[in-house]
Amino acid sequence: MDLVGLLKSQFLCHLVFCYVFIASGLIINTVQLCSLILWPINKQLFRKLNCRLSYCISSQLVMLLEWWSGTECVIHTDPQAYPRFGKENAIVVLNHKFEIDFLCGWSLAERFGVLGGSKVLAKKELAYVPIIGWMWYFTEMVFCTRKWEQDRKTVSRSLLHLRDYPEKYFFLIHCEGTRFTEKKHQISMQVARAKGLPSLKHHLLPRTKGFAVTVRSLRNVDDELCDLVMCNSWPSEFGALGHCRNNENPTLLGVLNGKKYHADLYVRRIPLEDVPEDEDECAAWLHRLYQEKDAFQEQYYRTGTFPETPMVPPRRPWTLLNWLLWASLLLYPFFRFLVNMVSSGSSLTLASFVLVFFVASVGVRWMIGVTEIDKGSAYGDGDSRQRHDD
C-alpha cells in the first residue's frame, strides 16, 4: 500500500469525514425544518430550496466515491440517447446487488446535473434515520412499508405529488425489492417456477405492482424509462445494467478507505409510452425487461463488455467544493475544541474526549452497517416465500 492509500485508510480521516457529514447534515436538517413555513406560502420555492439543501448532504457521499475513492463508472449507451440524460425526468430501473449501488446511482445523477432533485422508492424505516432520512422527508421522497395493501394508496398519493415538481429528477426504483443474495435468489426462483415465469440467473423476480403504480402516476410527466444494468445497480426510466470489474465486491467501508472500484453500466433509454398502461400488461412487460437485463449481464460475464458505446460522463467539481466549504466552516472549531480538551489535563475532560472518540467510532460503523448486505432486508426470505406477491 502506498503512502496515500495508507493515509486514506486511517480512522482519523474517517472521523473527519464523519464529523463534517454529521455536523453539516444536522445544520441542514434544521434549516429544512425552518423552511416548512414556506410550504403554505410558496410550495415551489420550498421545493427548490430543499433540492439545494439536499444536494449539500448527498453530494458529500458522492464526493467520497468520485474524489476520495476515485471510483470510475463507465456507461455503455446509445450515443443518440446520451445527450438527453439529465434533460428529461426519468424513472431509473436498476438491479440491486452491492452496498454502493445507491452511490453509483447518485454519482450518475450528479454528473447529469439532477442529484439535488432525484428521488427513490425507499422503505419507510429510512425516513427516521437522521440526516439522510430526514433530508429525504423534506424532499418528498416516496416511502413504502412493503405491504401492498398499505402502500397502494400512500405510494400513489406521494407519486402524484411529484407531477408538478419544479426540478428535473431521476426516480430510482429497485423492482427486486431487496438486495440480491444467493438465498433470496433461490426462493425467488421457486416463486418464478410456481408462476410459470422464466428463471433469472443474476436477478430476483421483480415486484410489478409498485412499478406499475409508479409508471401510471408519473406518465406524461416523466419522459423516459432508463433500464440500467450493472452488478452495481441503479433504477431509472432508463434501462441500465452494471457490473464491477475484476470480481470486485464494492462496499461503503472500501470507499471510505479510499479503495478505487471500476463499474460498467449498461443504460437504455426507453420512451415511457412504450410501457403498457394496463396493469397486467405492464407486469408482463417488466418481466420481459428483467429477462433482457439478465441476458445483458450474462453477456458481460462472458465477454467483459456491454453493447453500445462506452462513455464516461465528466466529473463536476461541485461535490468537492461543497465538502471543502463545509470542512472549512466546521473543522477549525472542532480541532480547537479537541486541543482545549487535551491541553486542560483534567481527567474528566480526557475521559470525555475518549468517550466522544468512541461514540464517533461506533457512529461511523453503525452508518456503514446500515448498508451491509448481510444486514439487508429479509424481504423475500423465510416464510415470505409463501406471501410473495407481485
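## Some remarks on the overall build of the protein chain
What the protein chain contains, in helices and strands, is 12 helices and nine strands. Counting only contacts in the protein chain whose residues sit at least 6 apart along the sequence, the fraction spanning at least 24 positions is 77%.

## Notes on the packing of helix α3 (residues 43–68) against helix α4 (residues 101–111)
It is the contact of α3 with α4, at a shortest axis distance of 9 Å, that shows an interaxial angle of 105°. In terms of axis orientation, α3 runs roughly perpendicular to α4. Of the residues in α4, those touching α3 at Y55, S58, L61, V62, L65 and E66 are F102, L103, C104, W106, S107, E110 and R111. Its residues placed into classes, the contact of α3 with α4 shows eight nonpolar, two polar and three charged.

## Details of the packing of aromatic side chains
Overall, the coordinates contain 16 aromatic pairs when judged by the stated rule. With centroids separated by 4.1 Å and ring planes inclined at 20°, the aromatic side chains of Y19 and F334 adopt a geometry described as stacked. Within this pair, whereas Y19 is found in helix α2 (residues 11–34), its partner F334 is found in helix α11 (residues 318–344), the two being separated by 315 residues in sequence. Of the residues examined, F334 reaches a relative accessible area of 12% and is grouped as buried. A ring pair is formed by Y82 and F112, whose centres lie 5.7 Å apart and whose planes are at 70°; its orientation type is edge-to-face. Here the residue Y82 occupies a position in the loop between β1 (72–77) and β2 (90–94), and F112 occupies one in the loop between α4 and β3 (119–123), the gap between them amounting to 30 residues. Take F112: its relative accessible area is 14%, and that puts it in the buried class. Here the aromatic residues Y82, F85, F112 and F170 are joined through ring pairs into a cluster of three or more. Lying across the ring of W68, K8 places its NZ or CZ 5.4 Å from the centre. In this structure, K293 is placed above the aromatic ring of Y290, and the distance from its NZ or CZ to the ring centre is 5.3 Å.

## Observations regarding unusual backbone geometry
At I131, a residue that is not glycine, the phi angle is positive and equals roughly 70°. Structurally, I131 can be placed in the loop between β3 and α5 (132–138). Using a relative accessible area of 4% as the deciding quantity, one classes I131 as buried.

## Here we look at α4
Think of an α-helix as turning once every 3.6 residues; residues three or four places apart then point the same way. Counting buried residues along α4, 10 of its 11 residues qualify, which places the element largely inside the surrounding structure. If you check which residues of α4 are buried, you get D101, L103, C104, G105, W106, S107, L108, A109, E110 and R111.

## Considering the environment of M141
Within the element layout of this structure, M141 appears in the loop between α5 and β4 (142–144). Judged by its relative accessible area of 9%, M141 is buried. When the C-alpha positions of M141 and V155 are compared, they lie 10.0 Å apart, and in sequence the two are 14 residues distant. Dropping the residues within four chain positions of it, M141 is found in contact with S118, K119, V120 and W136.

## Quick look at the side chain of E167
Assignment of secondary structure puts E167 in the loop between α6 (148–160) and β5 (170–173). We classify E167 as buried; its relative accessible area is 18%. A distance of 3.2 Å separates polar atoms of two side chains, one belonging to E167 and the other to R52. Setting aside residues no more than four positions away along its own chain, E167 makes contact with K48, C51, R52 and N89.

## With respect to the packing of α2 against α3
Orientation of α2 relative to α3, taken along the N-to-C sense of each, is 165°, at an axis distance of 9 Å. In terms of orientation, α2 and α3 fall into the roughly antiparallel class. Where α2 crosses over α3, the two elements pack in a sense that is left-handed. Here C13, F17, V20, F21, S24, G25, I28, N29, V31 and Q32 of α2 come into contact with α3, specifically with N50, L53, S54, C56, I57, Q60, L61, M63, L64 and W68. For the contact of α2 with α3, the class distribution of residues is 13 nonpolar, seven polar and no charged.

Criteria and cut-off values
Residues numbered from 1 in each chain as written. Predicted model: local features only at pLDDT ≥ 70, side-chain atom pairs only at ≥ 80, totals over all residues. Heavy atoms only, no water. Helix = DSSP H or I, 4+ residues; strand = E, 2+ residues; numbered from the N terminus. Contact = heavy atoms within 4.5 Å. Axes fitted to C-alpha atoms, helices over the stretch in contact; angles between N-to-C directions. Parallel < 35°, antiparallel > 145°, perpendicular 65-115°, else oblique. Nonpolar A, V, L, I, M, F, W, Y, C, P; charged D, E, K, R; others polar. Phe/Tyr/Trp six-rings, centres within 6.5 Å; stacked < 30°, edge-to-face > 60°. Buried < 20%, exposed > 50% of the residue type's maximum accessible area, 1.4 Å probe, protein only. Lys NZ or Arg CZ within 6 Å of the ring centre and 35° of its normal. Polar contact = N/O pair within 3.5 Å; in protein donor to acceptor, adjacent residues only side chain to side chain. Left-handed = near helix turned anticlockwise from the far one by under 90°.

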